[in-house]
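# Fold and contact review
Residue-level listing of the chains:
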Amino acid sequence: VQRVDTTLSGGLPVAFTSNAGESEISGFEFDLLWAPLDRLNVRFAYAYLDTEYKEFIGPGGEDFSGNALPVSPENTLMGSLDYAVPLSGGWGLIAGTDWVWIDDFNFDVNDDPYTEGGDYTLGNMRLALTSPDDSWRVIAYADNVTDEEQYANMTRREQEVIAAALDGRRFG
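Summarised in this report is the structure supplied together with it. (Residues numbered from 1 in each chain as written. Predicted model: local features only at pLDDT ≥ 70, side-chain atom pairs only at ≥ 80, totals over all residues. Heavy atoms only, no water.)

## A closer look at a nonpolar patch on the surface
Short version of the rule: Patches here are clusters of residues that have more than 30% relative accessible area and form no salt bridge, with a 9 Å joining cutoff for like charges and a 5 Å cutoff for nonpolar side chains (Val, Leu, Ile, Met, Phe, Trp, Tyr). For accessible areas, the Shrake-Rupley method is used with a probe of radius 1.4 Å. Any residue's cover is judged against the shown protein chains and nothing else. By salt bridge we mean one thing: a side-chain nitrogen of Lys or Arg within 4 Å of a carboxyl oxygen of Asp or Glu. Strands are runs of DSSP state E lasting at least 2 residues, helices are runs of H or I lasting at least 4, and numbering of each runs from the N terminus.
A cluster of nonpolar side chains, contributed by Phe 30, Leu 32, Trp 34, Phe 44 and Leu 77, occupies part of the molecular surface with about 480 Å² of accessible area. With 3 residues, the top contributor of residues to the nonpolar patch is strand E3 (residues 22-37). The residue Leu 32 is located in strand E3 in this model.

## Considering the sheet that holds strand E5 (residues 75-86)
As a reminder, the rule being used: For two strands to count as paired, DSSP must find a minimum of two bridges between them.
On the basis of which strands lie adjacent, the open sheet formed by 7 strands has the order E3-E4-E5-E6-E9-E10-E13 and antiparallel pairing. Of all the strands in the sheet, the pair left with one neighbour each is E3 and strand E13 (170-171). Two elements, strand E10 (residues 137-143) and E13, share 2 bridges in a ladder whose sense is antiparallel. Looking across to E13, one finds that Ala 142 is bridged to Phe 171.

## Looking at the pairing of strand E11 (residues 151-157)
Pairing between E11 and strand E12 (residues 160-165): 6 bridges, direction antiparallel. Looking at E12, one finds that Tyr 151 is bridged to Ala 165. Connecting E11 to the antiparallel partner E12 that follows it, the hairpin turn spans 2 residues, and Glu 158 within it adopts a positive phi of roughly 55°.

## Structural notes on the environment of Glu 55
Inclusion rule: Each residue gets one of three labels from its accessible area relative to the maximum for its type: buried under 20%, exposed over 50%, partly exposed in between, using a 1.4 Å probe on protein chains only. Note on contacts: a residue pair qualifies if any of its non-hydrogen atoms lie within 4.5 Å across the two residues.
Relative to the helices and strands, Glu 55 resides in strand E4 (residues 40-55). On the basis of relative accessible area, Glu 55 is assigned to the partly exposed category, the value being 45%. Along the primary structure Glu 55 and Gly 92 are separated by 37 residues, whereas in three dimensions their C-alpha atoms are 56 Å apart. With residues near it in sequence (within four places) discarded, Glu 55 still touches Ala 20, Gly 21, Glu 22 and Ser 65.

## What about the packing of aromatic side chains?
Filter applied, for reference: Only Phe, Tyr and Trp rings are paired, with Trp represented by its six-membered ring, and only when their centres lie within 6.5 Å; those with planes under 30 degrees apart are stacked, over 60 edge-to-face, the remainder tilted.
Applying the stated rule across the entire model yields 7 aromatic pairs. Geometrically, the ring pair formed by Phe 56 and Phe 64 is edge-to-face, given 5.3 Å between the ring centres and 70° between the ring planes. As far as burial versus exposure is concerned, Phe 56 and Phe 64 are alike and both buried. With 5.5 Å between their ring centres and 70° between their planes, Trp 91 and Trp 136 make a pair best called edge-to-face. Remark: Trp 136 occurs in the loop between strand E9 (120-130) and E10 and Trp 91 occurs in the loop between E5 and strand E6 (92-102); sequence separation between them is 45 residues. For Trp 136, a relative accessible area of 41% gives the class partly exposed. One aromatic cluster in this structure is built from Phe 28, Tyr 46 and Tyr 48.

## Focus: the environment of Leu 49
By secondary structure assignment, the location of Leu 49 is in strand E4. Leu 49 gets classed as partly exposed once you look at its relative accessible area, which sits at 28%. The spatial distance from the C-alpha of Leu 49 to the C-alpha of Ala 165 is 24 Å, given a sequence separation of 116 residues. Setting aside anything within four residues of it in sequence, one finds Leu 49 in contact with Ile 25, Ser 26, Gly 27, Ser 72, Pro 73 and Glu 74.

## Section: the side chain of Asn 75
We count it as follows: By the criterion applied in these results, polar contacts are pairs of N or O atoms within 3.5 Å in which, for protein atoms, one can donate a hydrogen and the other can accept it, and in which residues neighboring in sequence qualify only through two side-chain atoms.
With respect to the element layout, Asn 75 can be found in strand E5. A polar atom in the side chain of Asn 75 sits 2.4 Å from the side chain of Tyr 46. Once residues lying within four places of it in the same chain are set aside, the contact partners of Asn 75 are Tyr 46, Ala 47, Tyr 48, Trp 101, Ile 102 and Asp 103.

## Topic: a negative patch on the surface
Basically, it comes down to this: Asp and Glu are treated as the negative residues and Lys and Arg as the positive ones, with His and the ends of the chain left uncounted. By convention, charge coordinates are those of NZ in Lys, CZ in Arg, CG in Asp, or CD in Glu.
Together, Glu 22, Glu 24, Asp 50, Glu 55, Asp 63, Glu 74, Asp 104, Asp 111, Glu 116 and Asp 119 make up a negatively charged patch on the protein surface. Of all elements in the fold, only E3 and E4 reach the threshold of two or more residues within the negative patch. By secondary structure assignment, the location of Glu 116 is in strand E8 (residues 116-117).

Laid out in structure tokens, this is it:
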């Protein structure tokens, strides 16, 4: 496992890489697909993740041993529903939604409170019209329907935090 840091040298940013001596990753996943009706599919998934640096001394002598690996949520839940409706002439309509909840995690190896990502929930919806021979589809969708504000990436360099946001609500 590596960590890439930057520092200033002569006013210019310089990147350097440090390697963890040892890390441990364990967990499990559970995935259930259930079709209670002919045209209805229900899916539920759960993932548990336990990560830890067993040995990681940073280039400045910082000891990151015992910290969780970055961007490693302990728990993740996902659920989805898809319902298909046959229309006349062999056409079809499929309505679906999926939701995911992601536990809090840190974006950096040092458990910095400034780079902590809180838990969040994302939901998506879609409606598809399928051709009689199922060779093409027209899909209308909405992603992040609740317009959840969350970070996709975050890093701290000395006194500044550099972050990129997840996409807001999108549709098409």
